[in-house]
Amino acid sequence: MIKLKNISKIYKTKTVETLALNSVSINIEEGEFLSIMGPSGCGKSTLLNIMGLIDEPSNGDLSIGGYSIDDYNGKSIAKFRNEHLGFIFQSFHLINDLSVVDNVELPLLYRKVSSKVRRQMAEEALVKVGLKNRMKHFPSQLSGGQKQRVAIARAIVGKPNIILADEPTGNLDSVMGNEIMDILLGLNEEEKTTIVMVTHDEQMAKKTNRLIRLFDGSQVV
Amino acid sequence: MIKHILTLIWNKKKKNFLLLLEIFFAFLILFGVFTFVVENMRNYNTPLGFDTENVWLVYTEIPGDADSTEIAEMKLLLRQELIALPEVESISYSNNITPFSGSAWQTGNDRNDFEFNTRIMQHDEYYEETGGLNLVEGRWFSPDDALSKYDPVVISKQFRDQCWKGKPVIDSLFILDDEGEVSDFVKIIGVVDHFKYMGEFTSEYNVTFIYEPPTSKELNTIYIRVKDNPSPNLEETINNRIASISKRNDFVIGTLESRRVRNSRKTWMPITILLGIGGFLIINVALGLFGVLWYNINKRRPEIGLRRTMGATKSDISKQFIGEILMVTIFGILISSFFTLQFPLMKLFDIENINYYYAMLISAGIILLLVLICAFYPSRQAALINPAIALHED
């Protein structure tokens, strides 16, 4: 599903070069739930950004679903992200000026979908995360766990094959964290969605199919 | 996307309120400026209806108790002497209501099948040539008109269109004088296309020319049409001839063109000042808009990163920011337009409705263009934000 071969990422400034990823190679199968662990600054988020096509590797090859990213340009990468990838972030990244349902609809805005269908799909996604009754609320009226569930609904509303989650339980207490983890596990088992999750939490990582550890930009296991 | 932008604007109504207010007042002020400018420029673009180049005016003071026969003889002689000058093309007489003088003679009544109001001009048979009038129907006065049963009049096209629209007007009779009896009917013998003698920036009004023979002591102003580039001593020659024939020195010679320029300056000045104020306002609004957009974009970097991650292209981001500011602007213009529309609907001032509509269109056009220009650069910068970086700036 996702193939990374000798991926390196170097951040350059005028005076300093920082090696964020050093020749990382990972092969993620379709329907797999993979977790990535490592200390802060080891390159986990950079790796996730590269898989999510929002950052480019300095070296190496990346292919998703059999297609090399070299075959895509800016517009087609945006289209690919929209149709095949769902994102979940530690800090939720909900737009405070939009209601819950409008936040969930966001990825569908960049597809040719009528507003009626958009609303229907968003409601279905909110049902899946148990927030149908909070549709008209605004993010400021929700708890951290509810916000993350909205973010999950937004990630799954477009029915992507792959979900990339960057520390989805990082800002939540253990009870809410487990709730979110249960939703992700359910998506992986029932919908066969491929999930790549960056986490600091060993307990959460143990619930996934496979664990990869990074240290100083290199793959440890 | 439009619905999404409208939702965003509505949810951020408090944040957008000041911007809306700025657009609202900018539109109102520009509307005021452009109503004045459009009204004046549209008037300026309609012809005066008479020539000012190479036309000189001489004001003479004929005492009311002067002997009519002596005056008639003097005026005939004066005419002969002046027309004999090789640089003089034509001579005519009028009363003291002359172009750009500010004087007006006005009458009107409802004693015909219609109600009217008209300015009155008094001229002899030579004014058509001296003034360079353009007749669209009928003819100008002739000496025989002094003997006709009904007093002959020449009217302006606007007067014809207002009161005789679609009807034959030549040889029509109507009561001109407010106090007139049946015998005071006048007969229309001609129609001139324009005659804006009050100034280039005044609107068209109804004008009626009535006839007086050149020998009449009512006509104490002399119009002299001279050839192009008259010699420097022509004015002195004319001055000497008039002085010797009239035995007076209390007359003034001036050119109609200089009076036109002096008269127009009174309107050009406020137009220039108002446009300057309008321009200053536009610059201020532009700076404000630019600042607000720049601030908004910097505050919304994580949102931009998120949208890019969700599949928005660079152009989607640009379009969204331009779309948001355009929507707020359109709302501001619509609210403002509600108030400005009351001016033509309630006829608050004596200004043609079309001038208000033009002013609204120009004001809206300028504000929209300004917003587009101010939104273009910040929106492009927003599109260039790297989502991977922006998402970690929360």
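Residues numbered from 1 in each chain as written. Chains lettered and ligands numbered in written order. Predicted model: local features only at pLDDT ≥ 70, side-chain atom pairs only at ≥ 80, totals over all residues.

Okay, the overall build of chain A next. Tallying secondary structure elements over chain A gives seven helices and 10 strands in all. For 221 residues, the compact-globule estimate of 2.2 N^0.38 gives 17 Å, and the C-alpha radius of gyration of chain A, at 17 Å, lies within 12% of that figure. With the C-alpha coordinates of chain A rotated into their principal frame, the extents come out at 50 × 40 × 35 Å. Here chain A holds 221 residues, and the buried ones make up 47% of them. A separation of at least 24 residues holds for 71% of the contacts in chain A among residues at least 6 apart in sequence. (Helix = DSSP H or I, 4+ residues; strand = E, 2+ residues; numbered from the N terminus. Rg over C-alpha atoms; globule rule 2.2 N^0.38 Å. Buried ≥ 20, exposed ≤ 12 C-beta atoms within 10 Å, placed from the backbone. Contact = placed C-beta atoms within 7 Å.)

Our focus in this paragraph is the overall build of chain B. Secondary structure summary: chain B contains 12 helices and 11 strands in total. What you see for chain B is a C-alpha radius of gyration of 31 Å, clearly larger than the 21 Å of a compact globule of 394 residues, by over 25%. Along the longest, intermediate and shortest principal axes, the C-alpha atoms of chain B span 105 × 55 × 30 Å.

All names here are of chain B. Its domain assignment divides chain B into domain 1 (2–46 + 264–390) and domain 2 (61–250). Computed over C-alpha atoms only, the centres of domain 1 and domain 2 are separated by 51 Å. Between domain 1 and domain 2, the residue contacts involve six residues of the former and eight residues of the latter. When contributions to the side of domain 1 that touches domain 2 are tallied by element, the ones reaching two or more residues are helix H2 (13–45) and helix H7 (256–299). Taken together, the residues of the side of domain 1 that touches domain 2 sort by class into one nonpolar, five polar and no charged. (Domains from an automatic or database assignment. Nonpolar A, V, L, I, M, F, W, Y, C, P; charged D, E, K, R; others polar.)

To continue, consider the nonpolar core. If you look at the biggest cluster of nonpolar residues, it comprises 102 residues, and the most contacted ones within it are A:Val104, A:Ala125, A:Leu126, A:Ile152, A:Ala153, A:Leu164 and A:Val196. If sequence neighbours within four positions are ignored, A:Ala125 has contacts with A:Val104, A:Ala153, A:Ile156 and A:Val157. Grouped together as the second largest cluster of nonpolar side chains are 23 residues, B:Trp140, B:Phe141, B:Val186 and B:Tyr197 included. (Core = buried A, V, L, I, M, F, W, Y, C linked by C-beta atoms within 7 Å.)

Another point: the confidence of the model for chain B. Caution applies to low-pLDDT parts of the model: their predicted coordinates are not meant to be read in detail. Across chain B, pLDDT averages 90, with 98% of residues at or above 70. Interface predicted TM-score (ipTM) for the complex: 0.90; the corresponding pTM is 0.80. (pLDDT = per-residue confidence, 0-100.)

Peptide bonds are, in most cases, trans, and in most cases residues other than glycine have a negative phi. All names here are of chain A. In this structure, Leu53 takes a positive phi of about 60° despite not being glycine. Relative to the helices and strands, Leu53 resides in the loop between helix H1 (44–51) and strand S4 (59–64). Judged by C-beta crowding, with 21 C-beta atoms within 10 Å, Leu53 ranks as buried. For Glu167, which is not glycine, the phi torsion reads 45° and is therefore positive. Classification of Glu167 as buried rests on a count of 20 C-beta atoms within 10 Å.

Next up on the list: the sheet that holds strand S8 (residues 194–198) of chain A. Residues and elements named next belong to chain A. The strand order across the open sheet built from six strands is S6-S7-S8-S3-S9-S10, with neighbouring strands paired in mixed fashion. Since the sheet does not close on itself, it has two edges, and those belong to strand S6 (85–89) and strand S10 (218–219), each with one partner. Sheet topology places strand S7 (residues 162–166) next to S8; five bridges connect them, and they run parallel. Looking at the pairing, Ala165 lines up with Met197 of S8. (Pairing = 2+ DSSP bridges.)

Let us now look at the pairing of strand S4 (residues 116–123) of chain B. All names here are of chain B. Taken together, the four bridges between strand S3 (residues 106–109) and S4 define a ladder with antiparallel strand orientation. Within the sheet, the bridge partner assigned to Gln106 lies in S4 and is Arg119. Counting the residues between successive antiparallel strands, the hairpin from S3 to S4 contains six residues. When S4 meets strand S9 (residues 207–211), the two strands line up parallel, connected through five bridges. Across the sheet, the residue bridging to Met121 is Phe209, located in S9.

What follows covers the interface of chain B and chain A. Many descriptions give the size of an interface as the accessible area lost when the pieces come together. If you look at the interface, chain B gives 22 residues, while chain A gives 23 residues. Breaking the side of chain B that touches chain A down by element, the ones donating at least two residues are helix H1 (2–11), helix H8 (301–309), helix H9 (314–340) and helix H12 (387–390) of chain B.

Attention shifts here to the sheet that holds strand S2 (residues 17–28) of chain A. All names here are of chain A. Sheet architecture is open: four strands sit in the order S2-S1-S4-S5, paired in antiparallel fashion. Since the sheet does not close on itself, it has two edges, and those belong to S2 and strand S5 (67–68), each with one partner. Bridge analysis of S4 against S5 gives two bridges, and the strand direction is antiparallel. Note on S5: the bridge partner recorded for Ser63 is Ser68.

All names here are of chain B. Among the secondary structure elements, Asn296 is positioned in helix H7. Residue class for Asn296 comes out partly exposed when judged on the 19 C-beta atoms lying within 10 Å of it. Separated by 269 residues in sequence, Asn296 and Phe27 have C-alpha atoms that sit 23 Å apart.

All names here are of chain B. Between helix H3 (residues 68–83) and helix H6 (residues 234–246), whose axes approach to 10 Å, the crossing angle comes to 155°. The orientation of H3 relative to H6 falls into the category roughly antiparallel. Crossing hand, H3 versus H6: right-handed. Here Met74, Leu77, Leu78, Glu81 and Leu82 of H3 come into contact with H6, specifically with Ile238, Arg241, Ile242, Ile245 and Ser246. Tallied by class, residues from the contact of H3 with H6 come to seven nonpolar, one polar and two charged. (Axes fitted to C-alpha atoms, helices over the stretch in contact; angles between N-to-C directions. Parallel < 35°, antiparallel > 145°, perpendicular 65-115°, else oblique. Left-handed = near helix turned anticlockwise from the far one by under 90°.)

So, about H3(B). Helical geometry: 3.6 residues make up each α-helical turn, so side chains three or four residues apart lie on a common side. Residue and element names in this part refer to chain B. Taking 1.5 Å as the rise per residue, H3 with 16 residues should run 22 Å; its terminal C-alpha atoms sit 22 Å apart, in good agreement. Buried within H3 we find Met74, Lys75, Leu78 and Arg79. The buried residues of H3 all sit within an arc of 135° when viewed along its axis, so they share a single face. Of the residues in H3, the exposed ones pointing more than 90 degrees away from the buried face are Thr69, Glu70, Leu76 and Gln80. Close packing links the buried residues of H3 with strand S2 (88–94) and H6. (Expected span 1.5 Å × (residues − 1). Arc of directions from axis to C-beta.)

Right, let's talk about the environment of A:Thr194 for a bit. All names here are of chain A. Looking at the secondary structure, you find Thr194 in strand S8. Separated by 165 residues in sequence, Thr194 and Glu29 place their C-alpha atoms 7.6 Å apart. Among all residues touching Thr194, those that are not within four sequence positions of it are Met1, Ile28, Glu30, Gly31, Glu32, Asn161 and Ile162.

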